[in-house]
Amino acid sequence: MPVAAQRRQISAWCCFAVSVLWVCSCGAAVVSPIENSIWLSDSAITNIPIYGNMDMALVCDSDVSCLWWINWGYSTDLPYNCTAQLLFGVPSYKPVDNRVIPYNAWLSFEMKVNTTTTFYSSWGDVQRRSLLVEEQSTMRSSQGTVPFHVLHNITLISETTLVYNVTFSVRDTVTPYTYVLHPLPGEFVPNPAPPTSTPTMPPRKPVDLSVLDKMVPRKPEKFVQTNAMYWMQMVDDWYWYSALPDQAFTIGLQGLANRNIPQLYLVYGPNYDFKYTQELFSYYQKTRNMTFTFIETSKEALDIFIDSVKGYVIWDLNVRNSLTVAYTFAGLYDAVVVSEDMIPMVQNADLPLLLDLRGVFTGKSDVEIFQWAYDQYWAQTNKQHIVWLGGDCYPSVKPGVADWGVKNKMFFVDLSCRTTDTDEFTLASQMVSEMDSFPIGWGWHDYCKDMEREYVNLFSSYGGWIHGLNTLPDTSFINLIPLLNDWTFKNPVSDPFVFDKNMVYIVQKQTDGMGLGAWTDPTRGQIPCAWETQPDDYIYSPSLLEFWYANMTNNDYIMASLSGPGYMYPKKIPADDFHPLLNIALEWMEPLDMHAMSVMDSSEGSTVTGNLDLPKEIVDEYFSWMPNLLGFVNGYAAAYTFAVNDSIPFLSYEYYVDPDTPDDQVVADIQLLASVNVIRPYWMVIHVREFSSISRMEQIFDALGDGFQLLPFDTFMEGAGAYPTYETHYMDGLNGVSPFPV
């Protein structure tokens with residue numbers, strides 16, 4: 001990486017802005033060999049959760065003035081920059097204006113904003129090869145504030161190796177962290193933060209509540225197979241010049257074949273993002289006596305479903321988003337999408353060429369590509385739904401959701417939702433602003449362009465929600481399968497429980513959708529676990545929900561997510577859209593026997609280091625509109641919104657189990673949280689990412705020792721509502737990082 005790229009931009013929200021001063025009592029100042037270099041963490045030795053890397057610099061412009069600067073995560077989209085004033089021999093003081101404690105951001109510890117941090121500094125030796133800094137401050141946990149100390153020991157052990165030891169002490173618990181750094185060439189020269197601006201977003205249409213009235217569930221009925229059904233096997237190869245063209249063709253054809261009746265089901269490979277397609281396939285056969293005929297090739301599939309196809313569109317293998325545009329055309333004109341190599345197959349089927357995109361987009365930007373598609377096709381497409389065909393970066397594309405978009409004649413797009421990508425964001429926001437009220441974005445953002453939160457921000461700003469991902473499979477088929485005639489959704493109800501007021505009670509919650517997680521893990525059910533899915537599946541995929549509920553154990557609990565009928569950010573939702581959205585979410589939750597809501601809002605920065613908290617008025621709205629729920633869980637990583645209303649708790653995550661964190665560290669982190677939050681019972685909601693198996697979590701909980709108990713979700717929420725030992729807290733304005741272009 002070029003030296004210039006290593007000289008990070010100090011962002012406008014830097015936690016401190018200072019100089020470092022010391023007084024030398026005799027002779028000429030000794031120049032520390034640590035000075036005037038950029039020291040970068042060695043990623044091969046040092047594991048830094050969230051940030052991945054860290055660098056620091058000590059810059060002195062005279063014998064009495066220096067700058068100690070640390071940047072965590074310089075290569076991430078949301079780094080944490082910090083400088084500190086040090087006075088040798090006397091304490092120095094700094095106001096706290098950023099909540100982040102970077103050493104372990106998974107823990108529910110945050111700096112208490114608007115307090116003061118005190119630094120005591122000294123050199124460890126006369127050559128100034130070692131710098132010692134003691135930091136005294138106040139942090140917040142779920143049970144309130146507590147003082148803590150951090151000892152920084154920065155030691156040069158060779159000309160090319162710096163060891164940075166951090167000892168984090170709170171109450172009687174000491175946690176060490178060690179970082180190894182090496183120098184980068186060149187002198188440290190901090191650059192000014194880049195300017196940020198937010199393009200003006202088009203106004204949204206007046207709210208039309210009748211849109212929600214049209215979203216009605218399909219009535220349960222006895223399923224009788226009246227047509228032939230077929231299935232195909234997909235492979236775990238989604239590369240551009242490999243199996244992608246054939247599989248992209250098959251997925252688009254599936255949307256046409258399933259437009260009116262369920263004819264084609266696709267079983268995806270074992271490494272595909274959604275893990276349930278084989279199990280759901282078997283469930284349909286078992287519960288509905290469905291019979292399927294296997295189709296081996298795309299040519300065979302085309303021959304079978306030829307009556308659903310009116311022609312073909314050729315996409316350009318040299319332009320990634322020509323496939324995206326081709327899917328829009330395919331839905332509108334009943335076409336199959338083919339690459340150049342597949343032309344003989346469709347010609348042999350006597351299909352006419354309807355559109356040839358080869359060369360049309362050569363040398364054009366994505367803005368130009370989608371402006372062209374907008375001008376040609378936007379007026380004809382579905383205005384309630386749109387597909388963001390993002391996800392993996394070229395040369396890998398996984399267009400699993402395309403069958404659903406083609407079936408419903410949706411517009412397909414892959415534009416950045418990042419406000420600093422002005423041209424793409426402007427066109428993207430124009431499209432969403434012109435959609436019907438409560439627009440739904442299917443698919444996912446482009447990992448090479450923007451962030452999840454920026455994608456969700458855009459739709460939330462127009463009162464809409466997201467139903468991910470780009471890999472979502474088989475919805476065109478699933479949508480046509482009604483619930484069983486006598487089906488009733490039922491969450492398990494736990495036996496009465498007597499709470500021990502000396503215990504730490506834990507509930508674990510798997511997120512990121514049940515199909516992505518450990519639901520198909522054979523060990524599921526051995527320990528209590530809560531799961532989440534979107535209420536709008538009741539409209540779009542009711543038989544998929546039936547499959548989840550039919551396979552539940554008494555240790556499973558299904559709750560609604562995220563924040564409403566689908567994935568939305570409540571702080572971004574326009575005020576006059578919020579009540580209708582909560583109302584429709586509750587309307588769909590009731591028949592699903594869902595009695596809890598998972599809330600997440602990353603509209604103000606990262607899902608980990610950003611401001612995940614909610615203002616009191618939003619929390620009160622949830623309490624008001626959903627008064628009979630068991631409770632709410634907020635955040636993604638740790639957050640700090642806690643409240644209780646009529647014994648209904650509104651809690652935030654205490655800890656995030658990172659898939660890459662060693663098990664013994666996870667155990668130590670949970671024990672640290674328990675040692676800091678001393679009031680019992682202590683209520684700990686743990687977020688378990690989908691990559692962690694049930695068996696892994698069982699081993700972690702077993703290792704915690706006495707005083708910890710994992711509870712079923714409903715039991716846990718009952719106790720947290722009855723014995724609220726957490727401190728009521730809402731978003732306080734300076735609680736997170738600020739301003740971030742979202």
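It should be noted that the structure appears before, not after, this text.
About the thresholds
Residues numbered from 1 in each chain as written. Predicted model: local features only at pLDDT ≥ 70, side-chain atom pairs only at ≥ 80, totals over all residues. Heavy atoms only, no water. Disulfide = S-S within 2.5 Å. Helix = DSSP H or I, 4+ residues; strand = E, 2+ residues; numbered from the N terminus. Buried < 20%, exposed > 50% of the residue type's maximum accessible area, 1.4 Å probe, protein only. Contact = heavy atoms within 4.5 Å. Salt bridge = Lys/Arg side-chain N within 4 Å of Asp/Glu carboxyl O. Core = buried A, V, L, I, M, F, W, Y, C linked by side-chain atoms within 4.5 Å. Patch = residues over 30% accessible without salt bridge, like charges linked within 9 Å, V, L, I, M, F, W, Y side chains within 5 Å. Areas by Shrake-Rupley, 256 points an atom, 1.4 Å probe, with all protein chains shown as cover. Lys, Arg positive; Asp, Glu negative; His and termini not counted. Charge placed at Lys NZ, Arg CZ, Asp CG, Glu CD. Axes fitted to C-alpha atoms, helices over the stretch in contact; angles between N-to-C directions. Parallel < 35°, antiparallel > 145°, perpendicular 65-115°, else oblique. Left-handed = near helix turned anticlockwise from the far one by under 90°. Nonpolar A, V, L, I, M, F, W, Y, C, P; charged D, E, K, R; others polar. Expected span 1.5 Å × (residues − 1). Pairing = 2+ DSSP bridges.

Caption draft 1: Summary view of the state of the cysteines. For the structure on display, the rule yields 1 disulfide. Between the sulfur atoms of C393 and its disulfide partner C448 the distance amounts to 1.8 Å. Residues C393 and C448 share a disulfide whose torsion about the S-S bond is about 130 degrees; that sign makes it right-handed. In this pair, C393 is assigned in the loop between β19 (385-391) and α9 (402-407) and C448 in the loop between β21 (440-446) and α11 (452-461), connecting sequence segments 55 residues apart. When its relative accessible area of 26% is taken as the criterion, C393 is described as partly exposed. Of all cysteine sulfurs, the one in C448 lies closest to C417, which takes part in no disulfide; the gap is 14 Å.

Caption draft 2: Geometry of the environment of V678. As for its placement among the helices and strands, V678 is situated in the loop between α17 (663-676) and β31 (682-688). Once residues lying within four places of it in the same chain are set aside, the contact partners of V678 are Q143 and R171.

Caption draft 3: Inspection of the pattern of salt bridges at higher detail. Evaluated as defined, the whole model comprises 22 salt bridges. A salt bridge links D366 to K449; the shortest N-O distance between them is 2.5 Å. In this pair, D366 is assigned in helix α8 (residues 366-377) and K449 in the loop between β21 and α11, connecting sequence segments 83 residues apart. Summarising the burial analysis for this pair, D366 and K449 share the class buried. Of the charged contacts in the structure, one is a salt bridge between E532 and K509, with a shortest N-O distance of 2.5 Å.

Caption draft 4: Spatial organisation of the nonpolar core. If you look at the biggest cluster of nonpolar residues, it comprises 223 residues, and the most contacted ones within it are Y164 and W388. Top contributing element to this core by residue count: helix α15 (residues 575-589), with 8 residues.

Caption draft 5: Looking closely at a negative patch on the surface. There is a patch of like negative charges on the surface, built from D208, D213, E587 and E590. In this fold, E587 is placed in helix α15. Owing to a relative accessible area of 44%, E587 belongs among the partly exposed residues under this scheme.

Caption draft 6: Summary view of the packing of α17 against helix α18 (residues 694-702). At a minimum axis separation of 9 Å, α17 and α18 run at an interaxial angle of 50 degrees. Classified by the angle between their axes, α17 and α18 sit oblique to one another. The interaxial crossing formed by α17 with α18 has right-handed handedness. Taking contact as the criterion, the partners of D663, V666, V667 and I670 in α17 are, on α18, R696, Q699 and I700. Across the contact of α17 with α18, the residue classes tally to 4 nonpolar, 1 polar and 2 charged.

Caption draft 7: Fine view of α15. Between its terminal C-alpha atoms α15 stretches 22 Å, which fits the 21 Å expected from 15 residues at 1.5 Å a residue. Taken as a whole, α15 has its buried residues at D577, F578, P580, L581, L582, I584, A585, L586, W588 and M589. The elements touched by buried residues of α15 are α2 (210-213), β22 (465-467), α13 (537-540), β25 (556-560), β26 (596-599) and α16 (616-625).

Caption draft 8: Fine view of the sheet that holds strand β20 (residues 411-413). Taken together, the 4 strands give an open sheet; going across it, the order is β20-β19-β21-β22, and neighbouring strands pair in parallel fashion. The outermost strands of the open sheet, each flanked by one partner alone, are β20 and β22. Averaged over neighbouring strand pairs, the angle between their axes works out to 40 degrees when direction is ignored. Both β21 and β22 contribute to a ladder of 3 bridges, which runs parallel. Across the sheet, residue G441 finds its bridge partner in β22, namely I466.

Caption draft 9: Looking closely at the sheet that holds strand β18 (residues 353-356). Here 3 strands make up an open sheet; going across it, the order is β17-β16-β18 and the pairing parallel. Each having just a single partner strand, β17 (335-338) and β18 make up the two edges of the open sheet. Between one strand axis and the next, the sheet turns by 20 degrees as a mean value, whatever way the strands run. Of the strands in this sheet, β16 (311-314), β17 and β18 touch helix α6 (residues 320-333), which is tilted by about 160 degrees from β17.

Caption draft 10: Looking closely at the environment of T553. Locating T553 in the fold gives a position in the loop between α14 (542-550) and β25. With relative accessibility at 25%, the residue T553 sits in the partly exposed group. When the C-alpha positions of T553 and C529 are compared, they lie 9.9 Å apart, and in sequence the two are 24 residues distant. Once you skip the residues sitting within four places of it in the chain, T553 turns out to touch P492, R524 and G525.

Caption draft 11: Layout of unusual backbone geometry. Y394 connects to P395 through a cis peptide bond whose omega is 15 degrees. Relative to the helices and strands, P395 resides in the loop between β19 and α9. With an omega of 10 degrees, the peptide bond running from G468 to L469 counts as cis. Here L469 is to be found in the loop between β22 and α12 (475-478). The backbone phi angle of D593 is positive, close to 55 degrees, even though this residue is not glycine. Of note, D593 is situated in the loop between α15 and β26.

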